[in-house]
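# Summary of the model geometry
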Amino acid sequence: MKLCILDNDDLDPAAVPIWGSYATMFERLLRDAGFQGDVEAFSARHGQYPDSFDAYDAVLLTGSRADAFSKDPWVVDLCSRVSALLEQKKRLIGVCFGHQLIAQALGGHVEKSIKGWGLGLHTYEINNKTDYMGNLPKELTLNICHQDQVLQVPEGAKVYAKSDFCENAGFYIKDKVLTMQAHPEFLIDFIEALLTARRDLTIPKEFVDPALLKLEAESDSVQSSQFAETIRQFFLR
């Protein structure tokens, strides 16, 4: 099994010595879940891609502070490459921005939600599970950091994760596409540092402060390991 991670953002400089990159956090999460395949990462945000995706069994798209509907050249280029991968029926996993970009590439609709920011711990109702999701509980709590949402899923997609805040939080298409709006790679220490760093700079404190309080009070509730196992099982299809 060989996985390609397309890293779609840069960590804040102060975070790099601790967490490395979004791709690094994902690889660590998957290794802890027992993934033993090869992993190679490329910075799509900086236009870095493999010469060919043929050698990879799956491609994982990370989150990003960018909008999936942005006209920034690197986002347009990435969307084109994702469309090509979908046509080739390459197995794809998308998280947050990656979830939205895959939805958009398949004809879904993404925009900035009128509900505002979703931050920190968030619980989804899990239903419509497919066979590799047997480990997922009826409710799943993960960390989130987003304003944009998938408002309409692509044709043929089955929504398996939803909440009142985000109705289309995760979908799958047969054994080829798996997405999740939340960030399973964001553990408590990272999301606390991220929200603290962005408080009143890019995210209003009115959204950040309640999220930080909940993180402190319910730090044991995050279920990243459960979703990591779902990703691992998806790889085995």
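To start, this report covers the structure provided alongside it. Keep in mind the model is a prediction, meaning the values are calculated, not measured. (Residues numbered from 1 in each chain as written. Predicted model: local features only at pLDDT ≥ 70, side-chain atom pairs only at ≥ 80, totals over all residues. Heavy atoms only, no water.)

## A look at the nonpolar core
- In terms of nonpolar packing, the biggest core is built from 35 residues, with Leu3, Tyr124, Tyr160, Leu178, Met180, Phe227 and Phe235 touching the most fellow members.
- The dominant element in this core, judged by the number of residues it contributes, is helix H7 (residues 224–235), at 5 residues.
- Counting 31 residues, the second largest nonpolar core, distinct from the first, contains Phe42, Leu61, Val159 and Ile173. (Core = buried A, V, L, I, M, F, W, Y, C linked by side-chain atoms within 4.5 Å. Buried < 20%, exposed > 50% of the residue type's maximum accessible area, 1.4 Å probe, protein only. Helix = DSSP H or I, 4+ residues; strand = E, 2+ residues; numbered from the N terminus.)

## As for the environment of Gln147
- Residue position: Gln147 is located in the loop between strand E7 (139–146) and strand E8 (148–152).
- The exposure class of Gln147 is partly exposed, given its relative accessible area of 22%.
- In contact with Gln147, not counting residues within four places along its chain, are Glu111, Lys112, Ser113, Gly116 and Trp117. (Contact = heavy atoms within 4.5 Å.)

## Some points on the pattern of salt bridges
- Enumeration according to the criterion identifies 11 salt bridges in this entry.
- Note that Arg31 is salt-bridged to Glu27, the shortest N-O span being 3.1 Å. One end of the pair, Arg31, and the other, Glu27, are both in helix H2 (residues 22–32), 4 residues apart, so they sit about a helical turn from each other.
- A residue is classified by how much of its surface remains accessible, and Glu27, at 28% relative accessible area, is partly exposed.
- Here the residues in one salt-bridge network are Asp9, Asp12, Arg45 and Arg65, joined through shared partners. (Salt bridge = Lys/Arg side-chain N within 4 Å of Asp/Glu carboxyl O.)

## Here's the deal with H7
- Helix length check: H7 (12 residues) gives 17 Å between terminal C-alpha atoms against 16 Å at 1.5 Å per residue, within 8%.
- Those residues of H7 not exposed but buried are Ser224, Phe227, Ala228, Thr230, Ile231, Phe234 and Phe235. What you see down the axis of H7 is that its buried residues fit within an arc of 155°, all on one side. (Expected span 1.5 Å × (residues − 1). Arc of directions from axis to C-beta.)

## Observations regarding the side chain of Ser64
- Along the chain, Ser64 turns up in the loop between strand E3 (58–61) and helix H3 (73–87).
- Residue classification places Ser64 among the buried positions, given a relative accessible area of 14%.
- A polar contact of 2.9 Å, which involves the side chain of Ser64, links it to the backbone oxygen of Asn8.
- Here Ala66 takes part through its backbone nitrogen, which lies 3.0 Å from a polar atom of the side chain of Ser64.
- Apart from the residues within four sequence positions on either side, Ser64 is in contact with Asn8, Asp9, Arg45, Trp74 and Phe97. (Polar contact = N/O pair within 3.5 Å; in protein donor to acceptor, adjacent residues only side chain to side chain.)

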